[in-house]
Amino acid sequence: RKARERSTSRGALAEVRVVKASAEALPLDDGEFDTVADTFGLCSMDDPVGALLEMQRVCKPGGKILLLEHGIGTWEFINGLLERSAPKHFAKWGCWYNRDVDAIVKASGLRVVSRSRWHFGTTYVYECEPASKAELDAIRSRRGG
């Protein structure tokens, strides 16, 4: 209780708003957030590059985009297992766990501040910053949007 009172008096608690929307078309203003985070979500999105473009749009310039994702690994043995079982896994869970996260991040234009991989390279941890508006517009244009 004391921590809550201290936090409230310092303005640390913020209003929380839940919005149901497609990750590729967020009904939010440009630059609305200081930090945007996604955890194990790119595997389930129809257009993961489009979702990252939207995350960048709603993130303030110089803000942070934090990603904790899973995808193809650094060991061919593991990747072979992932490839063989991916269609069944997707049908059951809605998750493509064999996506190339590095390629998705690169295609989105995100500016990577740091990146690490764990668990045979299948777990990705990224700290990124959004690309400039001009860079994002160019990527959208190339994608036909």
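Residues numbered from 1 in each chain as written. Predicted model: local features only at pLDDT ≥ 70, side-chain atom pairs only at ≥ 80, totals over all residues. Heavy atoms only, no water.

## Quick look at the sheet that holds strand 2 (residues 59–70)
For step 1, the next point in the chain: Spatial strand order, 1-2-4-3: four strands in an open sheet with mixed pairing. With one partner strand each, in any of the chains shown, strand 1 (33–39) and strand 3 (111–118) form the two edges of the open sheet. Between one strand axis and the next, the sheet turns by 10 degrees as a mean value, whatever way the strands run.
For step 2, the next point in the chain: Pairing of strand 2 with strand 4 (residues 123–129), which is carried by six bridges, proceeds in the antiparallel orientation. Counted as the bridge partner of Leu66 is Glu127 from strand 4. (Pairing = 2+ DSSP bridges. Helix = DSSP H or I, 4+ residues; strand = E, 2+ residues; numbered from the N terminus. Axes fitted to C-alpha atoms, helices over the stretch in contact; angles between N-to-C directions.)

## Focus: the packing of aromatic side chains
For step 1, the next point in the chain: In total, this model carries two aromatic pairs according to the counting rule given.
For step 2, the next point in the chain: The interplanar angle of 15 degrees and the centroid separation of 4.4 Å between the aromatic rings of Phe90 and Trp96 together place this pair among those described as stacked.
For step 3, the next point in the chain: Trp96 sits in the partly exposed class, given a relative accessible area of 26%. (Phe/Tyr/Trp six-rings, centres within 6.5 Å; stacked < 30°, edge-to-face > 60°. Buried < 20%, exposed > 50% of the residue type's maximum accessible area, 1.4 Å probe, protein only.)

## A few points about the environment of Arg17
For step 1, the next point in the chain: Examined against the element boundaries, Arg17 turns out to sit in the loop between helix 1 (2–9) and strand 1.
For step 2, the next point in the chain: Using a relative accessible area of 48% as the deciding quantity, one classes Arg17 as partly exposed.
For step 3, the next point in the chain: Taking the C-alpha atoms as reference, Arg17 lies 31 Å from Arg143; in sequence the two are 126 residues apart.
For step 4, the next point in the chain: Ignoring any residue separated from it by four or fewer positions in sequence, one finds Arg17 in contact with Leu28 and Glu32. (Contact = heavy atoms within 4.5 Å.)

All we've got here are geometric facts, nothing functional implied.
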